[in-house]
Amino acid sequence: MENLTINGNVYQPKFNFAFYKQVSKTMANDSQDGFSVLVQDLLAGKVEAIVEAYYHALAYYKRNQPTEDMVEEALSATVFVSDEATENAVDDIIKTMHDDNFLARNLSEFIKTTENSMDIVEAQADAMPDEENGQPNMQKKALETSLKSTQGQLNRLKTLTNFGSTQSPMGDKSESVQAN
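Within any chain, residue numbers begin from 1 and follow the written order of that chain's sequence. Thresholds applied to this predicted model are a pLDDT of at least 70 for local features of residues and 80 or more for the giving and counting of side-chain atom pairs; totals over whole chains, interfaces and linings are not thresholded and use all residues. Hydrogens and water molecules were not included; the side-chain quantities draw on all heavy atoms of the structure.

Colleague: Quick rundown of helix 2 (residues 34-43)? Include the residues and the values.
Modeller: Helical periodicity: at 3.6 residues per turn, an α-helix aligns residues three or four positions apart in one direction. Helix 2 sits mainly inside the fold: 9 of its 10 residues count as buried. Tucked inside the fold, the buried residues of helix 2 contact helix 1 (17-27), helix 3 (47-56), helix 5 (83-99), helix 6 (101-127) and helix 7 (138-161). Nitrogen and oxygen atoms within 3.5 Å of one another constitute a polar contact, given that in protein one can donate a hydrogen and the other can accept it, and given that sequence-neighbouring residues count only through two side-chain atoms. Numbering goes from the N terminus for both helices and strands, where a helix is a DSSP run of H or I of at least four residues and a strand is a run of E of at least two. Two to three positions downstream of the cap, the backbone nitrogen of F35 sits 3.1 Å from a side-chain oxygen, assigning the N-cap of helix 2 to D33. The buried label applies to any residue whose accessible area, calculated with a 1.4 Å probe on protein chains only, is under 20% of its type's maximum; exposed applies above 50%, and partly exposed to all values in between. Residue contacts follow a heavy-atom distance rule, with two residues in contact if any of their heavy atoms lie within 4.5 Å.

What follows is the structure in structure tokens.
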């Protein structure tokens, strides 16, 4: 993950529980938690999601956390200079989130929930007629297009997180968990 230099200060983004708490509080909507909204926006290619991810990854700075505008300005010099750099930033954000065990569990839950939702939508689409009044069923076509797009995004996430592989995201860590 790239450090950001803002007003002469170097900020190191951290994807941790402070990040999660801030994302959950500020990005939630009526139907989704904030973490899911951010992941979905990243996978959909929304550039502002990169700013959001970096901004919230600086949550542990608390009162010294730079503003979103400052973060965007710092990213403009590096991440937003090309499509390739922007795509690489999205991949890096997701991989870095996956490096945190807590966030890795949340990414796995996002994948499972999305797959379940897709199964429901697919069943609804399959139950619809192909044609209505001699015309193609546009609602069915829209659902199928949405499913195809979501599947592509989900495949990208699975690839970046090695979801379904035999190795745990926790790697070889076999320490016991202790609360202090």
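Colleague: Let's hear about the packing of helix 2 against helix 3: which residues, and what values?
Modeller: Between helix 2 and helix 3, whose axes approach to 8 Å, the crossing angle comes to 135°. When the axis of helix 2 is compared with that of helix 3, the two are oblique. The element helix 2 and its partner helix 3 pack so that their crossing is left-handed. Of the residues in helix 3, those in contact with L38, D41 and L42 of helix 2 are A49, I50, E52 and A53. Only Asp, Glu, Lys and Arg are considered charged in this grouping, and only Ala, Val, Leu, Ile, Met, Phe, Trp, Tyr, Cys and Pro are considered nonpolar; every other residue, Gly among them, is considered polar. Considered class by class, the residues forming the contact of helix 2 with helix 3 number 5 nonpolar, no polar and 2 charged. In this analysis, axes come from line fits to C-alpha atoms, helices being fitted only over the stretch in contact, and the angle between any two N-to-C directions falls in the range 0 to 180 degrees. Angle categories are assigned with fixed cut-offs, so that under 35 degrees is roughly parallel, over 145 is roughly antiparallel, 65 to 115 is roughly perpendicular, and the rest are oblique. Take the far helix as your reference; a near helix turned counterclockwise from it by less than a right angle gives a left-handed crossing, and one turned clockwise gives a right-handed crossing.

Colleague: Outline the layout of surface pockets, listing residues and values.
Modeller: Its boundaries defined by the atoms lining it, the largest pocket holds a volume of some 290 Å³. Q32, F110, T113, T114 and S117 are the residues nearest the centre of the largest pocket, which is lined by 18 residues in total. Sorting the residues of the lining of the largest pocket by element identifies helix 2, helix 6 and helix 7 as the ones contributing at least two each. If you tally residues by element for the lining of the largest pocket, the top one is helix 6, at 8 residues. Split by residue class, the lining of the largest pocket holds 6 nonpolar, 10 polar and 2 charged. Only protein atoms enter the 1 Å grid used here, on which a cavity is any set of points holding a 1.4 Å probe that cannot leave and a pocket is any open set flanked by protein within 12 Å on both sides along at least five of seven lines; residues with an atom within 4 Å of a point are listed as lining. Grid points are joined across faces, edges and corners, and a volume is the space filled by probe spheres set on the points.

Colleague: Talk me through unusual backbone geometry; I want residue IDs and the actual numbers.
Modeller: Despite not being glycine, N7 shows a phi value in the positive range, around 50°. Mapped onto the elements, N7 comes out in the loop between strand 1 (4-6) and strand 2 (9-11). The exposure class of N7 is exposed, given its relative accessible area of 64%. Within the chain, N162 stands out as a residue other than glycine whose phi angle is a positive 55°.

Colleague: Outline the pattern of salt bridges, listing residues and values.
Modeller: Put simply, a salt bridge is a Lys or Arg side-chain nitrogen that is within 4 Å of an Asp or Glu carboxyl oxygen. Across all of its chains, the model carries 5 salt bridges by this definition. Linking K46 and D41 is a salt bridge whose minimum nitrogen-to-oxygen distance equals 3.5 Å. In the salt-bridge network here, residues are joined through shared partners; they are E87, D91 and R156.

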